[in-house]
Amino acid sequence: MQRKWRVTLIVCVGVFMSSLDLFIVNIAFPHIATSYHGASLAALSWILSGYAIVFAALLVPAGRWADAFGRKRAFLLGLLIFVLASIACALAPSVGFLVGARIVQAAGGALMLPTSLGLMLPEFAANERHKAIGVWAATGGVAAATGPPLGGLLVQADWRLVFLVNVPVGLAGLVLGWRTLVERREANPGRPDVLGAVAIIVAIGALVVAIVQGQSWGWGSPQTLALFATTAVILPALWWRSGHHPSPILDPAMLRVRSFGWAVGGSVLFFCGFGAMLLSGVLFLTGVWHEQVLTAGLMLFPGPAMAAAFSVPSARLGARVGYRIPGIVGALMFACASVWWITQTGNTPAYFSEYLPGMLVSGAGVGLVIPTLTGAGASSLPPERFATGAAVLTMGRQIGAALGVSVLVAVLGTTATTAADFHSAWMISLAGGLTTAVAFAALGPQLRRVAPAASAPVLAESAT
């Protein structure tokens, strides 16, 4: 096996684990809820949202640290933390403990994900990097396809197995990574903005709490308004700090690159709809159609399978014709799937005629959107900024997913037992798809390949 593919195989272990964890935990959600008696949907949602928020906030500092002190070191450390935290999740005696273990797991994932792309892309020539991006994105798609049926099968024995499945995979990745990966670091590192990372956790955390609790507290209550105000004050202050810090959590220079800035914005918008769609699908199938979790997992399988099938071709298409058109088509397909579910699903189970068509169209849309968002962002950056750029892109994804779950919980309320309840929830996914299409349309001129230079972007925006 060529070295570039050995490295790709190893670093994609981390991508596979973090993606698999997302989909397995979603499918295990009903069983986790019954295990902790009396826990509300709002409290349980922090198992997903707490992970996403901390993951998002630590991605850029982790990417900076990896660029400065070594991507191999950061990747292997993140993989080790993720494995140990997975064991802690499996042993969790309470919801609070599980949320805490998930936060530690998020720290490990934050070290793994940006460094995976930063270790892999330099192994490929400039004209082959679209293949690497496609494989990187397809790995997440394969994990997504594996997650629902595997999670449904594991929870039949015990939902704690959905975390323990990470252990053998992670240990294999540690051994192979130690032997194969080569250390890579940035020539002129800067100290990451830890205070900026804390500010993101506080700002996004306050916003999520306000959305989740707003219905029960009252949208005009003092505590809800105080949380919204906290976010409104911290985010502009963080932007000002980022413009004056030598190694900011949000690099204004990177975000001013048109394709990169819109790719980050598109990631937030799309994953807001995507996060809501993932959880609402599980809750709808188990709560309205009263399907068993294993059956629900198998019903969800075609969507992520389509995403995996479309990931590599869409990355190649984006590198050939530009990222705007495939991205717009994929985002509109994702939105059309939500329209289908809103207009076609009812309280009586009718999987093949009512639910499956939406899953197929949605999965194909996801397979078109995610690689093109990654490609549009990564293509604008020089090789030495790949890890940090991947961190910012993934931060946008996680912030969007946390917001999507929180809005879903607010829309569903304490009880959601009819298809009409979920028709309102699927409006979140519809809005996410339509606004992502607008973000792709704003990418500007199509991207074209240029001859690489030591510190030049892999792709440049054409002048026409």
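Details of the structure are given in the entry above.
Keep in mind the model is a prediction, meaning the values are calculated, not measured.

**Student:** Would you explain the nonpolar core in this entry?
**Tutor:** Generally speaking, nonpolar side chains in soluble globular proteins are found buried as a group. Counting residues in each nonpolar core, the largest one holds 143 residues, and the members touching the most others are Phe75, Leu98, Phe270, Phe274, Phe284, Tyr355 and Met395. Leave out the neighbours within four places in its chain, and Phe274 touches Phe23, Phe334 and Val366.

**Student:** Can you help me understand empty space enclosed by the protein in this one?
**Tutor:** The rolling of a water-molecule-sized probe over the atoms marks out the regions of remaining empty space. The tally for this structure, following the rule as stated, stands at 5 cavities of 30 Å³ or more. Considered as a void within the structure, the largest cavity measures approximately 550 Å³ in volume. Every residue lining the largest cavity is counted, 33 residues in all, and those nearest its centre are Ser19, Leu22, Phe271, Arg397 and Gln398. Elements with a minimum of two residues in the lining of the largest cavity: helix 1 (3-35), helix 3 (46-69), helix 5 (95-120), helix 6 (129-155), helix 12 (258-287), helix 14 (302-321), helix 16 (351-378) and helix 17 (386-412). Residue composition of the lining of the largest cavity, by class: 20 nonpolar, 11 polar and 2 charged.

**Student:** In this structure, what is going on with helix 14? I would like to understand it.
**Tutor:** Taking 1.5 Å of rise per residue, the 20 residues of helix 14 would be expected to cover 28 Å, and the 28 Å separating its terminal C-alpha atoms lies within 8% of that figure. The sharpest bend along helix 14 comes to roughly 35°, located at Ser311, with the proline Pro313 sitting one to four residues further on. Of all the positions in helix 14, only Pro302, Gly303, Pro304, Ala307, Ala308, Ser311, Ser314, Ala315, Gly318 and Ala319 are classed as buried. Trailing helix 14 by a residue or two, Gly322 shows a phi angle of about 105°, which is positive.

**Student:** When you look at the pattern of salt bridges in this model, what are you seeing that I'm missing?
**Tutor:** It is possible for side chains bearing opposite charge to pair when their charged atoms get close. Summed over the entire model, instances satisfying the criterion amount to 4 salt bridges. Of the charged contacts, one joins Lys4 and Glu128 as a salt bridge, the two residues approaching to 3.0 Å between their closest N and O atoms. With a gap of 124 residues between them, Lys4 in helix 1 and Glu128 in the loop between helix 5 and helix 6 connect regions that are remote in the sequence. When its relative accessible area of 15% is taken as the criterion, Lys4 is described as buried. Across the pair Arg184 and Glu123 runs a salt bridge whose closest N-O atoms are separated by 2.9 Å. Taken together, the positions of Arg184 in the loop between helix 8 (166-180) and helix 9 (194-217) and Glu123 in the loop between helix 5 and helix 6 put the pair 61 residues apart, joining distant regions of the chain.

**Student:** In this structure, what is going on with the environment of Gly432? I would like to understand it.
**Tutor:** Of note, Gly432 is situated in helix 18 (residues 419-441). Note: C-alpha distance between Gly432 and Gly400 (32 residues apart in sequence) is 9.5 Å. Setting aside chain neighbours within four positions, we find Gly432 in contact with Leu269, Phe270 and Gly273.

What counts and how
Residues numbered from 1 in each chain as written. Predicted model: local features only at pLDDT ≥ 70, side-chain atom pairs only at ≥ 80, totals over all residues. Heavy atoms only, no water. Core = buried A, V, L, I, M, F, W, Y, C linked by side-chain atoms within 4.5 Å. Buried < 20%, exposed > 50% of the residue type's maximum accessible area, 1.4 Å probe, protein only. Contact = heavy atoms within 4.5 Å. 1 Å grid on protein atoms, 1.4 Å probe; cavity = no way out; pocket = protein on both sides within 12 Å on 5 of 7 lines; lining within 4 Å. Points joined across faces, edges and corners; volume = space filled by probe spheres on them. Helix = DSSP H or I, 4+ residues; strand = E, 2+ residues; numbered from the N terminus. Nonpolar A, V, L, I, M, F, W, Y, C, P; charged D, E, K, R; others polar. Expected span 1.5 Å × (residues − 1). Bend = angle between axes of the 7 residues up to and from the residue. Salt bridge = Lys/Arg side-chain N within 4 Å of Asp/Glu carboxyl O.

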